[in-house]
Structure formats: C-alpha cells, structure tokens
Amino acid sequence: MKRLRVLLLLLAIICSSTALAQEPIHPRVYITDQNKAAFLKSIENVAWKKELIAGKKERLQKYIQLWQNDSEWLVSRLQMNWKTKHDKVYLKEGDFSHSEGSAPVPTVRFSGTRDWATEYKTPSLETVEPYLDDSRGLYLEHKKTGKKEWVHPKEAGHIIEGINRKVMSLIEDAAFLYWLTGDKVYAEFASPVYMTYIDGMYHRDAPVDLSNSNQQFISGLATFEVIHEKVLVHLITSYDFLYNYFNEHKLDVSKSEAVFQKWGDQIIKNGIPNNNWNLFQARFLTYVALVLEPNEKYDNGKGSEYFIEHTFETSTDRQTALKESLLVYDQTNGIWPESASYSVHVITTLLNIITLLDNATNTNELANFPVVEKAALSSFQYLFPSGYTIGFGDSNHKKLPAENFELLIANYNKYDQKDKLQTIAGLLNDMIVEGDYERKAKDLFQLFFYVDSLEFEKVNDGSKMQLTTPTFYAPNVSWFNQRIGTGENAMMVATTASYGNHTHANGVSIELYAAGYVLGPDMGKGSSYWHDDHRQYYSRMPAHNTVVVDGISDYEAMRSYHTFKLENSFPLSGESPSFDKVTYSNVSFLEPKTKAKQQRFTSSILGPSGQGYVLDIFRSKKQNEGVQRHDYFYHNLGTELTIKNNQNALALESTNDLGSHQGDLAAYDYLKEKKKVKIAEDFTANFKFNNGENATNLMEVFVKGSTDQSVYTAMAPKSKALTNGTAPKLLVDKPIPTLIVQRNAEAWNNPFAMVFNPASKDGTNSISNVQFSKSEKNASTQFVEVTFADGITKDRFTVNDSDEAIIQEEGLFQNGFLSIVRKKENSPSFIFLSGMYKYEQENWGVLATGDSATVSFEITKEEITIQNSDPIMFNIPQPEVGKEAILFIYEGEKLIDTRKGLKSWVNGEQLEFRLSKGYTKAIVKIRDITNDE
C-alpha cells in the first residue's frame, strides 16, 4: 500500500509535465493547466463560482490601488523584524519572550502567545503601523477603553500571526487570479510580498523555549502550535499559482522549497501524537508533499515521496501517520474520541486530505479509508432534533459542516457512486431548504473541489432520521444518547462522562433538549483553555448537570479517562424497535476525588398526548460511611427560577453558603444571587423566561423531598455552548438559572429523583402531579407515579439499583431493575420491564429463563403486542369467559408460529406462554372461542 501510493503520486506528478520538459509543471495542488479550459467553462455557467471569483477581484482591487500608489504599502504591513532582523526566537512556555541575533534580511515575527484570548483589537490592514518593529512591542487599541497603548506581544493573543495570515491570503488570491486571467498586475502585486515573507522565514530559526517545557515540542515556525500554521497553505497555494511567473522572471524558487521542507520537518518533529493534532498536521504535510518535487531533486532527499510517506505511513515520536491515527476511531460506530465539535472538525480535515490526495492520484482514495465515510455519516448522531450538535466537553451547539457532505458528494460524483450520491445530495439539499446552508465557496479549496450543482432525485422526508437512532452509545467517548418523540414533541437526553480529548471534569452529566431548545444545556468552554473561567468553572463539575460530592468532586480535564459503565439501556444502541414509548440508560461511575460510588438512571417517556418527560434518578454515596454531602446541579434556560410546594412559592433567603471560603471548588464562587431554603417535602422548581412583557414557562421539575436536604437557587455564568438555534435569542448570552439540591447524607438508598416536565410551545404541561415514595422492605427501591393532565392516566415506575435486587410488596413481586406500567382508569396500556428476572403484578408476569430480559407489552382489548430481548415465560390475565388467547410469533413481518396460551398451574387466573428467544414482534390476540382464524 505504501509503495503503491508513493508510485501513484509520483506518476501523477511526472505525468503533469510534458515529455521533454525539464521543469515540472505548476499549478498542481488544486488543478493543472490541463484542466484549466474545463474550469473556465464552469465559471461561466456556475453562479456560485462566478460569485466567489468576483468577490476576490473586488476585495483585491482596493489593495492593488493602494499598492499602485505606494509599492511598499502592503509589504510594510507584514509583521517582521524589520530593523532588528533577529533570526532567533525565544519563548517562556506558552508566551513569546524575546528575539535576538542577526539575519541578512528582515525576518518573520513569531506569534505572541499560545492563548488566543486578548483584550486588544486586531487592527485592520489600513491601520497597521507600516514597518513596525519597536522594542515597546505592538501599538494596539484596547477593546474596552478604545485607547491605543503599547503592548508586549504576549498580551496580544494571535494578532501577529493573524495580520500575516490576512496579508498572505491576499497574496494567495492574487496568485490565483494571475493564473486564471493571465493579468500580470496580480503577479507583480503578489510576488514581492511573497518573496519577502519567504526570505524572512528562510533566515529565521525555529523557536526555543527557555523553560524547556512541553511548548518546545509543539511549536511551529510561525505559531505556538504546529496545528495552527494556516499561513503555510496560503504560501504553498501562492507558490503553486505563481511558479511559472517566478520562472519567467528568473526568480529563485529554491528558498521557497527549502522553507516548505523546513516547515514540514517542524510539523513532523513537533506535535502531539495521540489526538486530533496528527490529522491537522497531516493536512499541512499533504500540501507540502504535493507542491514539492520528487526526492531525487533535493540533496537532502526530502521531496514529495518523503512527506507523503511521513503523512500516511511512517510515524515519528510526535507525528503519528494517518494509517495509525485512523485506528483511534471506533471502527464499529465511527466516532472519534473527542468532544463533538472537535470530532466533526477531524472529519472535515480528513476529507480535505483525502480530496487533495485523490486529486493527484485519481484512484478513489476515500475507498482506502472507509472509516472516514462511516464517521461522516455517524456524525448525525451528535445532533439534537433541531439539527445542532450536542455540547459536551469543549463543544458548542452548531450545525454539521456542509463541507463534509460536499466533499463526499464530490467523491461519489467523480467515481459514479449514484446511490450514495443521491442520499448525501438529498441531505445537503434538506439543509439548503431549511435555510441552514447556502451553496457557495468560501475559499479556493471549495472552489475547485465542490461539484457544480447538486443532482439528485427527491429523497423521503425521513431520510435524515435514518442516520439517527432512538439510542446511540459511543463507549470511546463515554456518551449515550436518547431520542423520543417527533416534531415539536421531539426530546433528547445526552448522558456523558469523560473519555478522550477536550473533555471536562463533569462526572455523569446530562444535556436535555425539548420544546425546540436545549433547555438543560452544557456550559461549553471558557474564554480560552488558559483562562481562569475555563480552568476553574467551565471545565469543572458545578458547570454541569451532575452531582458533586463534598463540594470537591474533581479530576483532570482536557484529556481524561473517567468513564461510566453502561449497566442497562433500551433500546440497544442503533436499534429502532416498534415499542417507542420509552428509552433509558442506567450508568455507574466512580467519582475519583472522593471515591464516591454513583449511578444515574435517566429515562425519556412519551406521554399519551405525544409530549414527553424525563425521569432522572441519581444515586451517590461515599465508600466510607460517615459525614458526606451530595449536591445535585441542574442548569436550565430562563430568567427566573421559583421553588414551590403545593403550588405555593417558597421564600428563599440569600446565603453565603457554597464557595471556596468553605472548602468547596472555586467553581462555586462563580455562582451569583445564591438563595436557600430547607425543605423535606416534595417540591417543584419552575424555570421561566420573562422577556419584560410576559413570562413563559420553560421547564417544571418535580423534585423528591428528603430530610437533611437544602435547596439552593443561583445564577450561573452564561452557557458558551448555546447559539440562537438552541435557545431563544434573548437568552443566549444571559446567566443560567441553576437549581442545587443538597443532601447532607448518603444519596444511594435515598437517591435524588427528578421528573423534568418541559412546557410545550404553547406553554402547557402534560403532567399534573408526581408522587415519589420508597419501599419500606427494600431501602433502595424507588417508586415514582406520574399523573397526566387528564387526571386518569398514570405511569408507575419501580426502580431498583440492580438487576438482582428484589422488591416484594402487596400485589407486586419484582426481581429486576426496572418496571414501568401505564394505566388509564386502572387498565394497563403498556408494561415495560428491563433488567428483569421475574415480575408479577395483577396477573401479568414474566420469568426470564436465562439472562435478565427486557420485555414490553402494548395492550389493547383485542391484542397484546410483545417484544422481548431474551428467552422468557410470560403470563397474561385469563381472558373473559368465551374468549381465548392465541400467540402469533413473527420473524420480521413473516408469521412463523402460532400457539394457544396454557392455563397456569400456579395461578388459575393466568395464561402462560413461552418465547424461546428474543423476538421483535409477537402478538397475543384475544378472540371468541368460536371464531376460526
């Protein structure tokens, strides 16, 4: 595979030259002159291509006029060591320290700091000081005061690299337009600036970290991280399109090649070898490989084959080759082990790499990396029903990048894979129709590789949902999704722990979507990874919907390996059973700081009206008995949070509780307007949105009462995960009302129990009351009864802490984890059992004949529809006189067996049936005995 890929690339490069030419032909990274005529024709006929090119011409015109008036106008805006000509750069960990030495030409300035957050504005090119090289630093405008002041580069974020990148993006556009139009004005405008930068980087060394910290091993040539060397792409593209101009004017290109080699070497030498960095680095290396000539041309042997090999095949200490990096994916579910935003970005990067390589080899490179295609399709599982991605870890809520699907379409179109093309083009068209995407190119890469137009037949409306399932489990990020309901009643709960990169110390956290919004959001990331607000709050447990033990629960964020164990769930990940009224997960977790044992049962239930609700039971206890405290955190959109008991609002008092002054995490200090009340009874927490004219109910939370329990309300910092698509616009940048239920005792046998009842879009609630109780015979058993708005329909939950637990009360025997019974006027309409060995209630019964089973009964007067995961014997009440019960068993939709129920030897009021394995469909039909089937 390695030899074949290198040979194919070499063949593509060699064949791009004429048979007798000594000089290789450029451009070739995005396009060759051989395909120029077809490209020019497409510009005439494709509006979005014409629009991008027109925009680039218009953008450049202003700067060309400035350059024509002053030939040094643009080059003087480059951030260079104009006077000092320093060739050595020194850092102190993640900050620029100083530069020194002497080069024969001005050299490129290094970036100011690894931290992108800054209090200063990036100046426009028009306001950049020409030829600025001052020992006082940079002269910048403060964002708040509006005054300009001298600033050390380390206080300026990424402003230095940003200015240079902007200048070089203009040069890239000019180089492209020179190739496109043949107008030498573009080349004359671009060439001096390009050469100045290249000469400056040629004569400047890579940075040295005086602290000898990890920074020494991650720095690039222009920036603090090799993954941020975006200017390299501008340089390579400019070189590719200007190559013929350079040759015609006998300009030396050897320094360009040497700089590209030096940059490639820095990217191979530095980096982080076991996360997304490999892939971001690989993208830069692919550009380097494609623009350089074969190895034999260079004395150091570092040409196209060398860099292709180090991109795809050969790993080094700091750069893992692509073939190894892709093994990090879960090969079954297609999920990359990082938070959603980063995972999706990885897919985009890989598709960029594959597209570039395929443009050179024309051998369907995507087929060589099937997990990338799987990952692109699996990314739909990240989506809330509104089409925005979930927010765990360092993520925020955003749409999936259309570029991923554009590049898949380009591949499918190129290699005539019509079925795949139809599916993805239909999905992309849905994004266009819904107003989430407008087909236009943002850059040259997209200009050259997107198909001219989407050609597809109309796809079924439900096509997008085929890429999501009621539940989805990704163990390699410790994430479990539940979806239930449709349209305005669609709900979703994402349960996450911490595994992989860009994680938070969030314990077992949930993010809750309902009524079109992410009502219970994650908080996202702080100002930057180096700022206190991120390190102390956003990445810590109190910023998440979880339970904090003793006020100190914590562990390392960013790269963390504290997973939950999925004990039970329904349905199985990726499956779509016909019984669609319940989803749930039950996970266990060891909180490492306090060694507390935790378990979280979270279930979404579809009510009779089509609206759903969520039951959350969170158990938590320290392994060592004694004094302990457990704080249940829940953050919800809104402007107001009211605590009620028996519909009466309780008066809470301001408090100084909760904070680092009493030994809690510093994250507690970020909570403002703290109020407190002690209450032992059940209560409700009502989250409302008051826009100044009226108040709208958003969420009602029914909360189980307990002795030794205090209730707090507070305003937490704004969620940085939210966008206008996941919250009302007026709430996006507002503080988040927060409910904290504090238990000053173990919370295992007496767990936290909440019913989340989101208001519908018209402001109504589907639930009228919730009652919580516990078994007197088995301390850990929890009973929850939910009464719906009609007053006669009720859901009854019996929840144990394990499959092995037994509860026996009057009229009920349950040896198993979970039972849910919905009754209307005391007649059951469904019974759902999971993790069940034996269940008996009101002549309904199940006995698992092996492993614990999941079983559902959907009950009408005439028939009972059953699904079961494992072999069982089940009982139903004896039909009335004159009726009989016949079991019909199906494989798929094919009837494979029928049998009559047998009278139970144990209970004459029951009929007994056996299912020898799990079935997705079995129906008991109740019919007249005289009626022949």
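The chain is annotated in an unreviewed UniProt entry as Heparinase II/III-like protein of Maribacter stanieri. Here the chain is described in UniProt, under the heading Subcellular location (unreviewed entry), as follows: "Cell envelope".

**Q** Just to check I follow, could you spell out the UniProt feature "domain: Endo-acting ulvan lyase 2nd" (unreviewed entry) in the chain for this structure?
**A** Sites flagged by UniProt as "domain: Endo-acting ulvan lyase 2nd" (unreviewed entry) map to residues 333–442. Taken end to end, residues 333–442 is 55% helix and 0% strand, and its two terminal C-alpha atoms sit 31 Å from one another.

**Q** Honestly, unusual backbone geometry in this entry has me stumped. Any pointers?
**A** In terms of backbone geometry, most residues other than glycine have negative phi values and most peptide bonds are trans. Backbone torsion omega between His-26 and Pro-27 reads 0 degrees, so that peptide bond is classified as cis. Relative to the helices and strands, Pro-27 is located in the loop between helix H1 (2–15) and helix H2 (36–45). Between Phe-570 and the following residue, Pro-571, the backbone shows a cis peptide bond with an omega angle of -15 degrees. In this structure, Gln-647 takes a positive phi of about 70 degrees despite not being glycine. Within the secondary structure, Gln-647 sits in the loop between strand S21 (640–645) and strand S22 (648–649).

**Q** Would you mind going over helix H6 (residues 231–248) with me for this structure?
**A** Because each turn of an α-helix spans 3.6 residues, side chains separated by three or four positions end up pointing in the same direction. With 18 residues, H6 should cover 26 Å at 1.5 Å per step; its first-to-last C-alpha distance of 25 Å lies within 8% of that length. Its axis deflected by about 55 degrees at Leu-242, H6 carries its strongest bend there. Taken across its 18 residues, H6 has 15 buried, putting it largely inside the fold. Following H6 by one or two positions, Lys-250 has its phi on the positive side, about 50 degrees.

**Q** What's the story with the pairing of strand S24 (residues 672–678) in this structure? I'm lost.
**A** As judged from the two bridges shared by strand S23 (residues 653–654) and S24, these two strands associate in the antiparallel manner. Across the sheet, residue Glu-653 finds its bridge partner in S24, namely Lys-676. Here S24 runs beside strand S27 (residues 709–716); their pairing, made up of five bridges, is antiparallel. If you follow Val-677 over to S27, its bridge partner there is Val-711.

**Q** Looking at this model, I keep getting lost on the environment of Gly-626. Mind explaining?
**A** Within the secondary structure, Gly-626 is located in the loop between strand S19 (612–622) and strand S20 (630–635). Between the C-alpha atoms of Gly-626 and Ala-745, which are 119 residues apart in sequence, the distance is 8.3 Å.

**Q** Is there a simple way to think about the UniProt feature "domain: Heparinase II/III-like C-terminal" (unreviewed entry) in the chain in this case?
**A** As annotated in UniProt, the feature "domain: Heparinase II/III-like C-terminal" (unreviewed entry) corresponds to residues 486–566 in the numbering used here. Annotated as 9% helix and 40% strand, the span residues 486–566 places its first and last C-alpha atoms 26 Å apart.

**Q** What should I look at first to understand the sheet that holds strand S12 (residues 509–514) in this one?
**A** Spatial ordering of the open sheet is given by S8-S9-S10-S12-S13, a layout of five strands whose pairing is antiparallel. Whereas interior strands pair on both sides, the edge strands pair on one side only; in this sheet they are strand S8 (471–474) and strand S13 (517–520). Sheet twist, expressed as the average angle between the axes of neighbouring strands with direction ignored, equals 20 degrees. Relative to strand S10 (residues 491–496), strand S9 (residues 479–484) is paired through six bridges, and the arrangement is antiparallel. By the bridge assignment, Asn-481 is partnered in S10 with Ala-494.

**Q** Hey, could you run me through the packing of aromatic side chains in this one?
**A** Aromatic rings in a pair are described by how distant their centres are and how their planes are angled relative to each other. For the structure on display, the rule yields 60 aromatic pairs. When the centroid spacing of 6.3 Å and the interplanar angle of 50 degrees are considered together, the rings of Phe-570 and Phe-579 count as tilted. For the pair formed by Phe-570 and Phe-579, the shared burial category is buried. Relative to Phe-601, the ring of Tyr-584 lies with its centre 5.6 Å away and its plane at 50 degrees, an arrangement referred to as tilted. Of this pair, Tyr-584 sits in strand S17 (residues 582–591) while Phe-601 is found in strand S18 (residues 596–606), placing the two residues 17 residues apart along the sequence. One exposure class covers both Tyr-584 and Phe-601, and it is buried. Every member of this aromatic cluster is reached through a ring pair, and the members are Tyr-30, Phe-39, Phe-176, Trp-179, Phe-241, Tyr-287, Phe-445, Phe-448 and Phe-449. Here Arg-743 stacks its cationic end above the ring of Phe-752, 4.6 Å away from the centre of that ring. Its guanidinium or amino end placed over the ring of Tyr-890, Lys-921 lies 4.6 Å from that ring's centre, counting from NZ or CZ.

**Q** Just to check I follow, could you spell out the pairing of strand S25 (residues 683–690) for this structure?
**A** Working note: regular strand, side chains alternate between the two faces of the sheet. Of all the eight residues making up S25, six are buried; the element is thus mostly covered by neighbouring parts of the structure. Bridge count for S21 against S25 is five bridges, and the pairing is antiparallel. Paired with Ile-643 across the strands is Ala-685, a residue of S25. As judged from the eight bridges shared by S25 and strand S26 (residues 695–703), these two strands associate in the antiparallel manner. Counted as the bridge partner of Asn-686 is Glu-700 from S26.

**Q** Honestly, the packing of H6 against helix H8 (residues 277–291) in this entry has me stumped. Any pointers?
**A** Each pair of packed helices gets described by two things: the angle between the helix axes and the distance between those axes. At a minimum axis separation of 10 Å, H6 and H8 run at an interaxial angle of 20 degrees. Put simply, H6 runs roughly parallel to H8. In this structure, H6 meets H8 at a crossing whose hand is left-handed. Residue-level contacts link Leu-232, Val-233, Ile-236, Thr-237, Tyr-239 and Asp-240 of H6 to Arg-283, Phe-284, Tyr-287, Val-288 and Val-291 of H8. Its residues placed into classes, the contact of H6 with H8 shows eight nonpolar, one polar and two charged.

**Q** Just checking my understanding: could you explain the nonpolar core for this structure?
**A** Nonpolar side chains in soluble globular proteins tend to be buried together. Counting residues in each nonpolar core, the largest one holds 152 residues, and the members touching the most others are Tyr-30, Phe-176, Phe-260, Trp-263 and Phe-448. Top contributing element to this core by residue count: helix H4 (residues 159–181), with 14 residues. Once residues lying within four places of it in the same chain are set aside, the contact partners of Phe-176 are Phe-39, Ile-53, Lys-56, Phe-241, Leu-444, Leu-447 and Phe-448. One finds Phe-480, Ile-510, Leu-731 and Phe-752 within the second-largest nonpolar core, a separate group that totals 63 residues.

Criteria and cut-off values
- Residues numbered from 1 in each chain as written.
- Predicted model: local features only at pLDDT ≥ 70, side-chain atom pairs only at ≥ 80, totals over all residues.
- Heavy atoms only, no water.
- UniProt positions renumbered as here; feature names shortened; annotations may be inferred.
- Helix = DSSP H or I, 4+ residues; strand = E, 2+ residues; numbered from the N terminus.
- Expected span 1.5 Å × (residues − 1).
- Bend = angle between axes of the 7 residues up to and from the residue.
- Buried < 20%, exposed > 50% of the residue type's maximum accessible area, 1.4 Å probe, protein only.
- Pairing = 2+ DSSP bridges.
- Axes fitted to C-alpha atoms, helices over the stretch in contact; angles between N-to-C directions.
- Phe/Tyr/Trp six-rings, centres within 6.5 Å; stacked < 30°, edge-to-face > 60°.
- Lys NZ or Arg CZ within 6 Å of the ring centre and 35° of its normal.
- Parallel < 35°, antiparallel > 145°, perpendicular 65-115°, else oblique.
- Left-handed = near helix turned anticlockwise from the far one by under 90°.
- Contact = heavy atoms within 4.5 Å.
- Nonpolar A, V, L, I, M, F, W, Y, C, P; charged D, E, K, R; others polar.
- Core = buried A, V, L, I, M, F, W, Y, C linked by side-chain atoms within 4.5 Å.

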